[in-house]
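# Structure at a glance
Chain residues, written in single-letter form:
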Amino acid sequence: MFDCGFTKENNWFRYRAAAIIIENECVLFVGNKNENFLYSVGGGVHMGETAEQAVLREVFEETGIHYEIDRLAVIHENFFDESNGMLKGLNCHEICFYYLMKPRGTQELHSNSYSCGAKEEMHWIPIKDLDKYKAFPSFMKEYLSTEHCGIEHIITDERI
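Now for a look at the structure at hand. All figures in this text were calculated on a predicted structure; none of them were measured in a lab.

In this sheet, strand β10 (residues 118-126) lies alongside strand β4 (residues 26-32) in antiparallel orientation, the contact comprising 7 bridges. Note that in β10 the partner of Asn 32 across the bridge is Glu 120. Sheet topology places strand β9 (residues 114-115) next to β10; 2 bridges connect them, and they run antiparallel. Of the residues in β10, the one forming a bridge with Tyr 114 is Lys 119. Here β9 hands over to β10 after 2 residues, with Cys 116 in that stretch at a positive phi of 55 degrees.

Structure below.
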């Protein structure tokens with residue numbers, strides 16, 4: 001399957017679906033040895049796939065657990081540049097649908113996920129300590145520290 005995204009000249013675009021997974025006042029992030037930051041559970045939406053289908057697939061691929069969707073929480077427009085890695089030198093624009101997942105009451109996972117050949121590691125980060133980590137999306141601590149009833153539209157511009 002192909003992700004909904006493209007590269008043209010020095011521009012990169014991706015349509016992504018991601019999960020907000022909270023258990024015991026901690027939020028789940030992912031890391032790997034190739035990156036110096038943590039990132040949300042999720043990935044590119046495949047052609048012909050809905051964002052809901054994509055987030056359920058990605059959550060299972062990365063955690064080994066079948067989480068259920070609670071609701072669509074955030075539509076995130078993200079602009080960023082990469083100084084290293086596979087996106088180095090590209091102007092990046094990503095649109096991501098963030099789904100709040102229903103808690104299971106346990107942080108037990110069965111992860112055996114890889115990204116670009118590197119084993120992904122799951123990190124349960126206390127929401128109150130999230131600002132102590134280099135974790136993306138950068139809006140997550142502020143978002144999780146306040147009440148929300150509808151879908152939030154958040155735009156971040158992290159271009160260097």
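Having seen the model, we can carry on.
A few words on the packing of aromatic side chains. What characterises a pair of aromatic rings is the spacing of the ring centres plus the angle enclosed by the ring planes. Across all of its chains, the model carries 7 aromatic pairs by this definition. With centroids separated by 5.7 Å and ring planes inclined at 75 degrees, the aromatic side chains of Tyr 15 and Phe 97 adopt a geometry described as edge-to-face. Placement of Tyr 15 in strand β2 (residues 11-20) and of Phe 97 in strand β8 (residues 91-101) is noted, with a sequence separation of 82 residues between them. On the basis of an interplanar angle of 70 degrees and a centroid distance of 6.2 Å, the ring pair of Phe 37 and Tyr 39 is categorised as edge-to-face. This pair shows no difference in class: Phe 37 is buried, exactly as Tyr 39 is. Connected via pairs of aromatic rings, a cluster forms that spans Phe 37, Tyr 39 and Phe 136.

Cut-offs applied
Residues numbered from 1 in each chain as written. Predicted model: local features only at pLDDT ≥ 70, side-chain atom pairs only at ≥ 80, totals over all residues. Heavy atoms only, no water. Pairing = 2+ DSSP bridges. Helix = DSSP H or I, 4+ residues; strand = E, 2+ residues; numbered from the N terminus. Phe/Tyr/Trp six-rings, centres within 6.5 Å; stacked < 30°, edge-to-face > 60°. Buried < 20%, exposed > 50% of the residue type's maximum accessible area, 1.4 Å probe, protein only.

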